[in-house]
Each structure stands twice: as C-alpha cells, then as structure tokens.
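Observations on chain architecture
Read off the chains here:
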Amino acid sequence: VQLQASGGGLVQAGGCLRLSCATSGRAFSTYYMGWFRQAPGKEREFVAGITSSGRVTTYADSVKGRFTISRDNSNNTVYLQMNTLKPEDTAVYYCAASRRGYYATVREVRDYDYWGQGTEVTVSS
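Anyway, here's the lowdown on the structure attached to this text. (Residues numbered from 1 in each chain as written. Predicted model: local features only at pLDDT ≥ 70, side-chain atom pairs only at ≥ 80, totals over all residues. Heavy atoms only, no water.)

So, the environment of Tyr-112
Within the secondary structure, Tyr-112 sits in the loop between β9 (91-98) and β10 (114-115). A relative accessible area of 5% places Tyr-112 in the buried class. Distance in space between the C-alpha atoms of Tyr-112 and Tyr-32 is 8.7 Å, their sequence separation being 80 residues. Contacts of Tyr-112, omitting those with residues within four sequence positions, involve Tyr-32, Met-33, Gly-34, Phe-36, Phe-46, Ala-96, Ala-97, Ser-98 and Val-106. A polar contact of 2.6 Å, which involves the side chain of Tyr-112, links it to the backbone oxygen of Val-106. (Helix = DSSP H or I, 4+ residues; strand = E, 2+ residues; numbered from the N terminus. Buried < 20%, exposed > 50% of the residue type's maximum accessible area, 1.4 Å probe, protein only. Contact = heavy atoms within 4.5 Å. Polar contact = N/O pair within 3.5 Å; in protein donor to acceptor, adjacent residues only side chain to side chain.)

Here is the structure:
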C-alpha cells in the first residue's frame, strides 16, 4: 500500500487548506485512515481519524471544530479540510492507514501499518 499526501503550503493565520491523501491498492475501503502531524522537536501526534465506512470520525481536541476528515472510497482518497488555521498548526502532516478498519477510533502511531511521506503546512501569524 502506498500513500501520497498533498495540499500543504504556506497560509496566514485564519486561513484554510485542504490536504489529500491518495492511496494505492484495492483494500482502501477496509482501512481505518488517520492524519497525524509532527512539529519540529515534537513527537508525531494524532490529528483526526475516520472509520473504513466513513461513518465515524475522531479528532484531537486541539483541532475539533476546525478540521474535518472525510474519505472517498471510490477514489481511494482521504481528505483533511483545515479551517481557521493557527500558527500552532504548523507541522508536517502525514496520512496513515490501519488494518483496524472495524475499530471506532485508532489514535496510536503504533497501530498504523502504512504511512505517507508527509506534506508541510506552515501557518504564519
């Protein structure tokens, strides 16, 4: 399984970006998909996740109400819509796939099986 994240860039505080993650392979619809981020000098942290069906989503408290995760199983793609961006959202964002597609939420880095290469998001104040 290969994951390709895109959509990052430089944006002013209060702005928005939409990240995409295209995934190869026919099993995409069975995977739990997540977005993580890693700021310089910090550990990788969970941002948002979505079940294989797309019915249940989970968010970190820091992004709840501002970010929205969604998926299109017909196009093997997961998205992260990021609104009202803050400087503290600056990080490299990674998409990831977990074979625990039937779980309601998958938050731990160790529970993901496949990772994309990351896309950089910079929010200026």
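Having seen the structure, we can now continue with the description.
A closer look at the sheet that holds strand β8 (residues 77-82)
With antiparallel pairing, four strands are arranged side by side in an open sheet as β1-β3-β8-β7. Both edges of this open sheet fall to β1 (3-6) and β7 (67-72), since each of them pairs with a single strand only. Recorded for the sheet is a direction-independent mean angle of 15° between the axes of neighbouring strands. Direction of pairing for strand β3 (residues 17-23) relative to β8: antiparallel, over a ladder of six bridges. Looking at the pairing, Ala-22 lines up with Thr-77 of β8. (Pairing = 2+ DSSP bridges. Axes fitted to C-alpha atoms, helices over the stretch in contact; angles between N-to-C directions.)

Quick notes on the packing of aromatic side chains
By the definition in use, this model includes seven aromatic pairs. Every member of this aromatic cluster is reached through a ring pair, and the members are Tyr-32, Phe-36, Phe-46, Tyr-112 and Trp-115. In this structure, Arg-44 packs its charged tip against the face of Trp-115, placed 4.8 Å from the ring centre. Over the ring of Phe-28 we find Arg-71, and its NZ or CZ is 4.5 Å from the ring centre. (Phe/Tyr/Trp six-rings, centres within 6.5 Å; stacked < 30°, edge-to-face > 60°. Lys NZ or Arg CZ within 6 Å of the ring centre and 35° of its normal.)

Digging into the pattern of salt bridges
Side chains carrying opposite charge are able to pair once their charged atoms draw close together. Summed over all chains, the structure comprises seven salt bridges. With a shortest N-O distance of 3.1 Å, Asp-61 and Lys-64 are connected by a salt bridge. The two residues Asp-61 and Lys-64 agree in class, both being exposed. Across the salt bridge formed by Arg-66 and Asp-89, the nearest N and O atoms sit 2.7 Å from each other. With Arg-66 in the loop between β6 (57-59) and β7 and Asp-89 in the loop between β8 and β9, this residue pair connects regions lying 23 residues apart in the sequence. Comparing Arg-66 with Asp-89 shows no difference in burial state: the two are buried. Shared partners join several salt bridges into a network, and the residues in it are Arg-37, Glu-45, Arg-66 and Asp-89. (Salt bridge = Lys/Arg side-chain N within 4 Å of Asp/Glu carboxyl O.)

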